[in-house]
Amino acid sequence: MVSFPKTVAALFALALVAGSAFAQTAGQVAESSSAGLPEASIATLVKPDVAVPATPRSGNEWQRQATALIQREKLKHAADLNAATTKPAADASDYDQLTSLAKDSADIISHPEKVVGSNWQADADGRQSAAEKENASTLATLTQRTPTAMQAELDKAAQTLGMDSPTGDALVSQMKAQAAAAHRPVHFRLFVSQSMGDDAVRMAMLLGKGHDDMQLVFRGMKPDQTISQLSRYLMSLHKAAPKHDERLPSIVIDPIYFSQENVAAVPVLEELDDQGKVVARVSGIADPNWIAAQVKDGRTGDLGTLGPVKVVAELDMMKVMQAKAKAFDVEGWKKHAVDSYWTKVPFTELPAVTEQKTYTIDPTVVVTHDITLPDGKVIAKKGDRFNPLKDIGFHQKLLIFDETDPAQVDYAVAFLKANPDITVMLITTKVDRKGSWQGYRDVENKMRHAIYMLNQSIVDTWKLEAVPSVVTANSSVFVINEVPVHQGGSNVADYASPR
């Protein structure tokens, strides 16, 4: 048994639901829909024998045709409609069933209240289930058709409704055609330049729009012109904004073609074979139809200059880039990058301390939920407390200061001398931008110690507020001392050992 695609089966199921629901007399329809509906809206389905327009021009056109057809048949054929729905044809083909069901279900889907009343949403699922059971054999017959038979029936239904075939062949052909159009094989190459003048460039663009296999080639941009300016110039020649799906000429910037073909004046038109080799070439003419006629008559090769030409105004982009690469001073660029570093690097600045202050920070972490290993072993329970200072400790001191303040620099030098047996990390909030790297190295040489830059993460961790600040720790908390060096409180002995 060949399995039928679920999506198509679902469509048939929906159609069968609609067909089953519609198999009522005109009186029943009128009775079920009389509440709140005008009498003229009772029978609005199309007669089964009324032809559906084969090729609607668009979605709106189909709606207009369908609406007109439905309105014309309202109430007019109520009796015939009742007979057709209660007594289906004896030997109806799959195509006839599909077409009839599609027609019958269209209005019911749009206006379900005409059949099932105002509460149609509440019992729609139940009606669908009942219809599926009642029409199980018919549905099985349809879905068990061979792929070839089903494809034929679906193609017929699609043709009647003016739609593309859902079996894939038409869609694949359409996709192949779109891909081929997008590929645009080049059989004509027209070399152009802005030196030709706006009218001539506009004419070249019109010729390009009229030939899918024609390509317009520019050598580059004019001096002091950017690629964006060139693009805006070309679009301005189009006058109006391109319409949706409108084909624009194929335009490329490729100085290599100009160099390979020795093009110094334009226009130059070439016809190419399927392998991209030049069959014929002419200067002063831009019409691809003209050169195609010459090739057809057996004239190939260089056909000469048969019209006015202009010297190419655009620069050779390859030569421009090569010249710039040759003139590029790598060492100078490196030096500039190094020298300009301090003019751009952001600083995390803090104000100077005005009075001595000491505060502590408890780094204890509280476990919020049990932490287990993959094997189920619990390594930490909810509520456990962990203090890294107790288990790991803090074996250094931090001095955060302003390297541009001489008083703070002197304090840093004294602090280093007072702490010879412990690691001290010097962190500055900023440096002298004008002094650049030389000034930065001079301070390091004076201290004979590495200096690091302060960042926001350090500020947040120790809640730093002013400089200089000394960060030490005991067995349970971090201790931060703010040192008022400008107010005489700079005795390094106060902070020479861990607290």
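Please refer to the structure higher up on the page.
Read on for a plain summary of the structure.

What counts, and where the lines are drawn
Residues numbered from 1 in each chain as written. Predicted model: local features only at pLDDT ≥ 70, side-chain atom pairs only at ≥ 80, totals over all residues. Heavy atoms only, no water. Pairing = 2+ DSSP bridges. Helix = DSSP H or I, 4+ residues; strand = E, 2+ residues; numbered from the N terminus. Axes fitted to C-alpha atoms, helices over the stretch in contact; angles between N-to-C directions. Contact = heavy atoms within 4.5 Å. Patch = residues over 30% accessible without salt bridge, like charges linked within 9 Å, V, L, I, M, F, W, Y side chains within 5 Å. Areas by Shrake-Rupley, 256 points an atom, 1.4 Å probe, with all protein chains shown as cover. Salt bridge = Lys/Arg side-chain N within 4 Å of Asp/Glu carboxyl O. Buried < 20%, exposed > 50% of the residue type's maximum accessible area, 1.4 Å probe, protein only. Phe/Tyr/Trp six-rings, centres within 6.5 Å; stacked < 30°, edge-to-face > 60°. Lys NZ or Arg CZ within 6 Å of the ring centre and 35° of its normal.

A few points about the sheet that holds strand β15 (residues 423–428)
- Here we have six strands laid out as an open sheet, ordered β9-β18-β17-β14-β15-β16, and mixed in their pairing. The sheet is open, and its two edges are formed by β9 (357–361) and β16 (451–453), each paired on a single side. Here the strands of the sheet are splayed against their neighbours by 25 degrees on average, with no regard to which way each runs.
- Of the pairings in the sheet, the one linking strand β14 (residues 396–401) to β15 comprises six bridges and is parallel in character. Across the sheet, residue phenylalanine 401 finds its bridge partner in β15, namely threonine 428.
- On the sheet, helix α19 (residues 406–418) packs against β14, β15 and β17 (469–473) and is oriented at approximately 170 degrees with respect to β14.

Considering a nonpolar patch on the surface
- Taken together, the side chains of Ile256, Met318 and Met321 define a hydrophobic patch exposed on the protein surface, amounting to about 260 Å² of accessible area.
- Mapped onto the secondary structure, methionine 321 falls in helix α15 (residues 317–327).
- Overall, the relative accessible area of 47% leaves methionine 321 in the partly exposed class.

Re the packing of aromatic side chains
- Tallied over the full model, the rule gives seven aromatic pairs.
- Ring centres of phenylalanine 191 and phenylalanine 258 lie 5.0 Å apart, and the angle between their planes is 85 degrees; on these two criteria the pair is classed as edge-to-face. Here phenylalanine 191 is found in strand β1 (residues 188–191), whereas its partner phenylalanine 258 is found in helix α13 (residues 255–260), with 67 residues between them in sequence. In this structure, phenylalanine 191 and phenylalanine 258 share a single accessibility class: buried.
- Through a chain of ring-to-ring contacts, the aromatic side chains of Tyr341, Trp437 and Tyr440 assemble into a single cluster.
- Its guanidinium or amino end placed over the ring of tyrosine 257, arginine 189 lies 3.9 Å from that ring's centre, counting from NZ or CZ.
- The cationic tip of arginine 433 hangs over the ring face of phenylalanine 347; the distance from NZ or CZ to the ring centre is 4.0 Å.

Quick look at the environment of methionine 425
- Along the polypeptide, methionine 425 turns up in strand β15.
- The sequence separation of methionine 425 and tyrosine 452 amounts to 27 residues, and the corresponding C-alpha distance is 7.8 Å.
- Once residues within four sequence positions are removed from consideration, methionine 425 is found in contact with Gln396, Lys397, Leu398, Leu399 and Tyr452.

Notes on unusual backbone geometry
- For the bond from valine 266 to proline 267, the omega torsion is 5 degrees, close enough to zero to count as cis.
- On the secondary structure map, proline 267 appears in the loop between β4 (265–266) and β5 (268–272).
- With an omega of 0 degrees, the peptide bond between valine 467 and proline 468 qualifies as cis.
- Mapped onto the secondary structure, proline 468 falls in the loop between α21 (456–462) and β17.
- Despite not being glycine, aspartate 224 has its phi angle at roughly 65 degrees, a positive value.
- Positionally, aspartate 224 belongs in the loop between β2 (214–218) and α12 (227–237).
- Take aspartate 224: its relative accessible area is 81%, and that puts it in the exposed class.
- One non-glycine residue with positive phi stands out, namely asparagine 262, at about 55 degrees.
- Position of asparagine 262 relative to the elements: it lies in the loop between α13 and β4.

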